[in-house]
Amino acid sequence: MTWIRAISLAACLAATGVPALAQTRSPSHCIAIARSAPDMVWQAKWGDPLPAETVRLSYVGHSTFLIETPGGLSVATDYTGRLGSADVVPDVVTMNHAHSSHWTSEPDARIPHVLQGWDYTGEPADHHLDLGEMLVRNVPTDIRGFGGTVESAGNSIFVFEAAGLCIGHLGHLHHEPTPEQYAALGRLDVVMAPVDGGMTLDLPTMIRVLQRLRSSVVLPMHWFGPENLARFLAGMEDDFVIEIRRESAVEVSLATLPSRPTVIALAPRPLD
């Protein structure tokens, strides 16, 4: 197995410490294949200035990431109402329907755009929020209900397009995307993937999804404990470079995407 800047999993864990109105549609650029370079740019903490054409992703915990752009936009994924002790007000929050650990019924009233990954009417959620520096869109997927039922379009894969990058958050994914859903996603340079192995997708199916997406960077989330994360990493090591980091944040740009598809396991840390 290839390890780059690797440390023990135990050390990594020890370091943790109103819906948007319809927007004018802009063309997606995710079809373009991202350029590659030998090294990632990574460092710094949330809130620090970012170089041009660079995006920072900070792993807050569970399925929540804070995504930041050089112009100061920020998005929190699977927002639960709290990001840490810091008083952070993202420009956008996304939420999913599966459990209380992926959404809140009382989001901070200061947040300009609250995007639910499902619609209470039963129709698929439909978001295409153009903020200039970032485009936020979604691809609805189904989730399992009680007693073996299926809730149509109860989850969304959210895609964030910024700095020339296409960044995907799979949410509480319960089934492999259909060909139509894969096509709607397009090329994802970075993907945040739930790897618990049961509450979302089983590990063989999740690994198959990630092998098909072939994103340059995979950020594991929703892993609950070191054993689950270790099983996922073992299943990915034949096709992906594996990195385990003490840091909770990674900075990514088109010019610094790794030359080989890479799994980067970040240490979850609330914002302070």
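Structure: above.
Residues numbered from 1 in each chain as written. Predicted model: local features only at pLDDT ≥ 70, side-chain atom pairs only at ≥ 80, totals over all residues. Heavy atoms only, no water.

**Things to note about the sheet that holds strand 9 (residues 165-169)**
Then, number 1: Taken together, the eight strands give an open sheet; going across it, the order is 6-7-8-9-10-11-14-12, and neighbouring strands pair in mixed fashion. Two strands in the sheet have a free side with no partner beyond their single neighbour: strand 6 (128-130) and strand 12 (241-244). Averaged over neighbouring strand pairs, the angle between their axes works out to 20° when direction is ignored.
Then, number 2: Set on the sheet, helix 4 (residues 226-236) makes contact with strand 11 (217-221), strand 12 and strand 14 (262-265); between it and strand 14 the angle comes to about 165°. (Pairing = 2+ DSSP bridges. Helix = DSSP H or I, 4+ residues; strand = E, 2+ residues; numbered from the N terminus. Axes fitted to C-alpha atoms, helices over the stretch in contact; angles between N-to-C directions. Contact = heavy atoms within 4.5 Å.)

**Looking at helix 4**
Then, number 1: Along helix 4, the residues that are buried comprise Asn228, Leu229, Phe232, Leu233 and Met236. For helix 4, the buried positions fall inside an angular range of 130° around the axis, keeping them on one side. (Buried < 20%, exposed > 50% of the residue type's maximum accessible area, 1.4 Å probe, protein only. Arc of directions from axis to C-beta.)

**Focus on the packing of aromatic side chains**
Then, number 1: Inspection of every chain in the model, using the stated rule, returns three aromatic pairs.
Then, number 2: Measuring from centroid to centroid gives 5.7 Å for tryptophan 118 and tyrosine 120, while their planes differ by 85°, and the two rings are edge-to-face.
Then, number 3: The exposure class assigned to tryptophan 118 is buried, which follows from its relative accessible area of 3%.
Then, number 4: Centre to centre, the rings of phenylalanine 158 and phenylalanine 160 are 6.5 Å apart; their planes meet at 20°, and the pair counts as stacked. Each member of the pair, phenylalanine 158 as well as phenylalanine 160, is classed as buried.
Then, number 5: Note that arginine 212 overlies the ring of tyrosine 182, its terminal NZ or CZ placed 3.9 Å from the centroid.
Then, number 6: Directly above the aromatic system of phenylalanine 240 lies the positively charged group of arginine 214, at a separation of 5.7 Å from the ring centroid. (Phe/Tyr/Trp six-rings, centres within 6.5 Å; stacked < 30°, edge-to-face > 60°. Lys NZ or Arg CZ within 6 Å of the ring centre and 35° of its normal.)

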